[in-house]
Amino acid sequence: MKKAQLKEIIKSPKLRLIYAEVAGYADVAKQIIDLAVFGAAQNRSYRRLADFTDTIGNRVSGSNNLEMAIKYMYNAMVQDGLDVHLEPAKIPHWVRGKESAEMTAPRAKTLAILGLGSSVGTPPEGIEAEVLVVQSFEELKHRASEAAGKIVVFNQPYVSYGETVAYRGYGASEAAKVGAVATLIRSVTPFSINSPHTGWQDYQDGVKRIPTACITVEDAELMWRMAQRGQKIVVRLTMGAKTLPDADSFNTVAEIKGWQHPEQVVLLSGHLDSWDVGQGAMDDGGGAMISWEALSLIKDLGLRPRRTLRTVLWTAEEQGGVGAQQYFNLHKVNMSNFDLVMESDLGTFTPIGLQFTGSDAAQKVMEEVVKLLAPINTTKLEAHGEGTDISPWMQAGVPGASLHVADSRYFWFHHSEGDTMSVQDPRDMDLCSALWAVVAYVVADLQEMLPR
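Residues numbered from 1 in each chain as written. Predicted model: local features only at pLDDT ≥ 70, side-chain atom pairs only at ≥ 80, totals over all residues. Heavy atoms only, no water.

- As recorded in an unreviewed UniProt entry, the protein goes by the name Carboxypeptidase Q, listed as coming from Oreochromis niloticus.
- Under the heading Subunit (unreviewed entry), UniProt records this for the protein: "Homodimer. The monomeric form is inactive while the homodimer is active." (UniProt positions renumbered as here; feature names shortened; annotations may be inferred.)

### A look at the nonpolar core
Consideration 1: If you look at the biggest cluster of nonpolar residues, it comprises 87 residues, and the most contacted ones within it are Leu309, Leu340, Met342, Leu354, Met366, Trp436 and Val439.
Consideration 2: Tallying contributions element by element places helix 14 (residues 426–445) first for this core, with 14 residues.
Consideration 3: Looking at which domains feed residues into this core, each of domain 1 (1–92 + 245–445) and domain 2 (97–240) gives three or more.
Consideration 4: Core analysis: the next-biggest nonpolar cluster, separate from the first, contains 29 residues, Val60, Val131, Ala213 and Ile233 among them. (Core = buried A, V, L, I, M, F, W, Y, C linked by side-chain atoms within 4.5 Å. Buried < 20%, exposed > 50% of the residue type's maximum accessible area, 1.4 Å probe, protein only. Helix = DSSP H or I, 4+ residues; strand = E, 2+ residues; numbered from the N terminus. Domains from an automatic or database assignment.)

### Points about the UniProt feature "domain: Peptidase M28" (unreviewed entry) in the protein
Consideration 1: The UniProt feature table records "domain: Peptidase M28" (unreviewed entry) at residues 251–438.
Consideration 2: Structurally, residues 251–438 comprises 34% helix and 26% strand, and the distance from its first C-alpha atom to its last is 24 Å.

### Concerning the domain arrangement of the protein
Consideration 1: For the protein, the assigned domains are domain 1 (1–92 + 245–445) and domain 2 (97–240).
Consideration 2: Distance between the C-alpha centres of domain 1 and domain 2: 36 Å.
Consideration 3: In this complex, domain 1 contributes 11 residues to the contact, which on the side of domain 2 involves 14 residues.
Consideration 4: For the pairing of domain 1 and domain 2, the buried interface totals around 1000 Å² over both sides, and the portion due to carbon and sulfur atoms is 71%.
Consideration 5: Considering only the side of domain 1, the residues that lose the most area to domain 2 are Trp275, Phe411 and Trp412, jointly responsible for 51% of the buried surface there.
Consideration 6: For the interface between domain 1 and domain 2, the tally reads three residue pairs in polar contact (both at pLDDT 80 or more). (Contact = heavy atoms within 4.5 Å. Buried area = accessible area lost by both parts, 1.4 Å probe. Polar contact = N/O pair within 3.5 Å; in protein donor to acceptor, adjacent residues only side chain to side chain.)

### Re the pairing of strand 9 (residues 234–239)
Consideration 1: With six bridges joining them, strand 2 (residues 99–105) and strand 9 adopt antiparallel strand pairing. Bridge pairing in strand 9 links glutamate 102 to arginine 236.
Consideration 2: Two elements, strand 5 (residues 127–134) and strand 9, share four bridges in a ladder whose sense is antiparallel. For isoleucine 127, the partnering residue across the bridge sits in strand 9 and is leucine 237. (Pairing = 2+ DSSP bridges.)

### A word on helix 14
Consideration 1: The first and last C-alpha atoms of helix 14 sit 28 Å apart over 20 residues, in line with the 28 Å expected at 1.5 Å per residue.
Consideration 2: Its side-chain oxygen at 3.1 Å from the backbone nitrogen of arginine 427, aspartate 425 defines the N-terminal cap of helix 14. (Expected span 1.5 Å × (residues − 1).)

### Topic: the pattern of salt bridges
Consideration 1: This model, assessed by the stated rule, comprises 23 salt bridges.
Consideration 2: Note that arginine 307 is salt-bridged to aspartate 339, the shortest N-O span being 3.8 Å. Here arginine 307, found in strand 12 (residues 307–314), pairs with aspartate 339, found in strand 13 (residues 338–343); they are 32 residues apart in sequence, far enough to count as distant.
Consideration 3: The class for aspartate 339 is buried, based on a relative accessible area of 1%.
Consideration 4: For the salt bridge of lysine 371 with glutamate 368, the shortest nitrogen-to-oxygen distance reads 3.0 Å. Residue lysine 371 and its partner glutamate 368 are located together in helix 11 (residues 360–371), separated by three residues, close to a single helical turn.
Consideration 5: Overall, the relative accessible area of 47% leaves lysine 371 in the partly exposed class.
Consideration 6: Members of the salt-bridge network, linked through shared partners, are Arg44, Arg48, Asp80, Glu293, Lys299 and Asp300. (Salt bridge = Lys/Arg side-chain N within 4 Å of Asp/Glu carboxyl O.)

### Focus on the environment of glutamine 395
Consideration 1: The residue glutamine 395 is located in helix 12 (residues 391–395) in this model.
Consideration 2: On the basis of relative accessible area, glutamine 395 is assigned to the exposed category, the value being 71%.
Consideration 3: Residues glutamine 395 and threonine 357 lie 38 residues apart in sequence; the distance between their C-alpha atoms is 9.7 Å.

### Quick notes on the sheet that holds strand 10 (residues 242–256)
Paired through their backbone hydrogen bonds, the strands of a sheet run either parallel or antiparallel.
Consideration 1: Sheet architecture is open: eight strands sit in the order 1-10-12-11-13-16-14-15, paired in mixed fashion. In this open sheet, the two strands that pair with only one neighbour each are strand 1 (83–95) and strand 15 (380–383). For this sheet the average axis-to-axis angle between neighbouring strands, irrespective of direction, equals 25°.
Consideration 2: Here strand 14 (residues 351–357) pairs with strand 15 via four bridges, running parallel. Its bridge partner being in strand 15, glycine 353 is matched across the sheet by lysine 380.
Consideration 3: Against the sheet, helix 9 (residues 281–300) makes contact with strand 10, strand 11 (261–271), strand 12 and strand 16 (400–405), and its axis sits at roughly 145° relative to strand 11, the strand it touches most.
Consideration 4: Across the sheet, helix 10 (residues 322–331) lies against strand 1, strand 10, strand 11, strand 12 and strand 13, angled at about 130° from strand 1, the strand it touches most. (Axes fitted to C-alpha atoms, helices over the stretch in contact; angles between N-to-C directions.)

Okay, structure coming up:
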């Protein structure tokens, strides 16, 4: 954007009016923050998350637990006095089954593994084969002639989740192309205490489907060192994984109807499903709870915005935003009525600011909105709202926002047995809830929708 254009926007009388209008919400914003952080709602989102995850446990797509989780949240939000309904979706149903791995040469050692979502199983007797250890797709290409009949172990270094996750996602098919019989992939995490981390993986069409699991950073590095010494490594892998027919599920929707433009919507969201390990407290129980809590705070204060506030708890996010894609397909006909879509799916640790995607003019408005968060010191508006579940809307031009938190520890626990209530902090959750509620309420109550 040219400096001259920016000056135009700043000089624009319409924008000046909007700035003044947003500034007028300072008192309401402070009321919301006080209630969440110091008032009767203090620790509430944390308590709700603990009750939920302790009662239900983890809730993988297609499982009975996920069905119970949806019923639990439906009832809880109805009891909270919100307007709640369910919208059907078809979701993948992959079952892990019994799994184990051990190194049998050069010495006996049990390997901690987690099969990857959508992986096929091994024959009942397992697969015992020699191991080829590589550190990149590039190295696998160079050593293709050595891969046939082997179990390929990927010991790729962790660069960032966004970059390194390609090994988890595509490692099996890449190895199958060169004749591998299975793959073991170093967990995508910057920190490990011998913890495997699961996740979804994608088979390429027309490529043989081979079993694939994650191993720990420690075991990947151990086998790499052994291979460097020229030692022959043999591993036995047994996986009972299978894919069942798609299951029936629901996106869970709760609303506070707008008083003036009920058809226009500010959407807040997190996903209700998780992996089948840990409690799914961080990913994404916290995001789901603050999206409910935001509505509770607004309702408790007797506030009702011009537009509808709609919280959606997505189903089957972990399989690639499956529930959210179906929701988008159903509702995109009303695209012009979606004012802002929000998603929290990178943890509810200490909030730092709001990430936003939208037009330059909308960005200007949002910069004013986050100034209202001065009492909790989260007045930063950053580029690029992100989230698997809201990305279809943002790609279609709807403004999108995501919660940015101090997430350096997020991938330590992500998709592992370590994702439990113990990583959550009640005060951090209060702050996240306050930020979420202020942004959603103010945007929903402004005279005009955000400019596209």
